[in-house]
Amino acid sequence: MKKTLITGAAGFLGSHLCDRFIAEGHHVIGMDNLITGDLKNIEHLFPLENFEFHHHDVSTFVHVGGDLDYILHFASPASPIDYLKIPIETLKVGSLGTLNLLGLAMNKNARILVASTSEVYGDPLVHPQNEDYYGNVSPIGPRGVYDEAKRFMESITMAYHRHHGLDTRIVRIFNTYGSRMRLNDGRVVPAFIGQALRGQDLTVFGDGSQTRSFTYIDDQVEGIYRLLMSDYVEPINIGNPDETTILEFAEEIIKLTGTDQKIIFKPLPQDDPLQRQPDISRAKEILDWEPRVPRSEGLKQVYEYFKSLSEEELWKAHR
Ligand code: NAD
Ligand code: UDP
């Protein structure tokens, strides 16, 4: 039985990865310090013999007994309001956390995949973004704590590969949505659906002309799984190229939820990227991967999930 360590296991992406690797027959060790995650995302796995949970901060020394075949490093605050609130922890988990996990991978002779992001392209001057683009990031801006930590993560991962021959993979994840996102994590999908469910106006930042390209969780997990099982070590974009403006997106949520709330405009946060769309030629060619779930379908699924939460959760999350 393959043994796989997943950091950030109690978060949105990490918990779905735990489900996938359990379904593939792996023994999964989920590790998380619960700084932005929630145990309820993985509590259904606790009774399983091939799942164990380690409550641990990966920015401090990481120890795991026995062998390991794979490590997936997904621990990191991921939403702008989270990483603005905990900037030092964000820098630490991307730098020290990654260093610790690369060391563990060396020690165990394990393959390691690290979760990078489309944010390494910053506010991109090339559109759509392919993996050869170096990006346009302000190192000292408020988002720099996340972007630069992830850029460092990529550099040190490639250095371990080149210098030590470590078996590494790097995924550049574009905006992904699905069940188990926190309603109050500030990202636009839970923000708009939460507002619609609470009967509040939808807050569009700026004039809403900035674009994003949203990927459904099942497509993202499939892309990550294929990358891990491939032999490709350079970064690969995993994202859905279907691009929308945020204003159109707000209108789409109003239609989906049938709310009679309106759209209100708030200031655009500093360094908010104006456009984002993945070029996925590399993922198609190397991984034979492309997204299968259209936004209309994925949004229906995530709306059902948020609707199923209790009134208490809906409002508690908002406080
Ligand atoms: P999330 O906040 O739901 O999950 C992150 C998890 O990491 C949380 O459970 C948190 O408690 C844990 N964590 C944070 N710091 C830790 C530490 N020092 N030690 C142990 N655990 C720690 O966020 P997510 O959306 O699931 O993102 C997961 C990963 O994917 C992150 O690395 C993020 O940068 C990357 N990513 C996500 C997206 C997206 O659209 N969701 C896009 C690009 C990259
Ligand atoms: N956004 C918005 N209203 C909100 C939350 C976000 O208009 O209530 C915008 C945000 O400014 C950005 C886009 O939606 O342009 C996506 O934001 P998110 O935080 O989900 O992801 P990221 O900016 O990291 O891509």
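Just so it is clear, the model here is predicted, and its values are computed rather than measured.

A. Highlighting unusual backbone geometry. Geometrically, the link from His 127 to Pro 128 is a cis peptide bond, its omega value of -10° lying close to zero. You can see Pro 128 is positioned in the loop between β5 (111–117) and α4 (144–164). Of note, Asp 288 is a non-glycine position whose phi angle comes to about 55°, a positive value. In this fold, Asp 288 is placed in the loop between α8 (281–287) and α9 (295–307).

B. Here's a closer look at the domain arrangement of the chain. Assigned domains of the chain: these are domain 1 (3–177 + 214–238) and domain 2 (188–212 + 242–274 + 294–315). The partner domain 2 presents ten residues to the twelve residues of domain 1 that form the contact. Tallied by class, residues from the side of domain 1 that touches domain 2 come to six nonpolar, four polar and two charged.

C. Structural context of α4. Spanning 21 residues, α4 covers 28 Å between terminal C-alpha atoms, matching the ideal 30 Å at 1.5 Å per step. Buried within α4 are the following residues: Val 145, Tyr 146, Asp 147, Glu 148, Ala 149, Lys 150, Arg 151, Met 153, Glu 154, Thr 157 and Tyr 160. Each element contacted by the buried residues of α4 is listed here: α2 (80–85), α3 (87–108), β5 and β6 (168–173).

D. A look at the site of ligand 1. Around ligand 1 sit 28 residues in total, of which Gly 8, Gly 11, Gly 37, Ala 75 and Ala 78 are the nearest. Elements that contribute at least two residues to the shell around ligand 1 include exactly α1 (12–23), α3 and β5. Residue contributions to the shell around ligand 1 peak at three residues, all from α1. In terms of residue class, the shell around ligand 1 is made up of 13 nonpolar, 13 polar and two charged.

E. Quick peek at α9. The terminal C-alpha atoms of α9 lie 18 Å apart, and with 13 residues this matches the ideal 18 Å at 1.5 Å per residue to within 8%. If you check which residues of α9 are buried, you get Gly 298, Leu 299, Val 302 and Phe 306. For α9, the angular spread of buried residues about the axis comes to 95°, placing them on one side. Facing away from the buried side of α9 by more than 90 degrees, the exposed set consists of Ser 296, Glu 297, Glu 304 and Lys 307.

Rules used in this analysis
Residues numbered from 1 in each chain as written. Chains lettered and ligands numbered in written order. Predicted model: local features only at pLDDT ≥ 70, side-chain atom pairs only at ≥ 80, totals over all residues. Helix = DSSP H or I, 4+ residues; strand = E, 2+ residues; numbered from the N terminus. Domains from an automatic or database assignment. Contact = placed C-beta atoms within 7 Å. Nonpolar A, V, L, I, M, F, W, Y, C, P; charged D, E, K, R; others polar. Expected span 1.5 Å × (residues − 1). Buried ≥ 20, exposed ≤ 12 C-beta atoms within 10 Å, placed from the backbone. Near = placed C-beta within 6 Å. Arc of directions from axis to C-beta.

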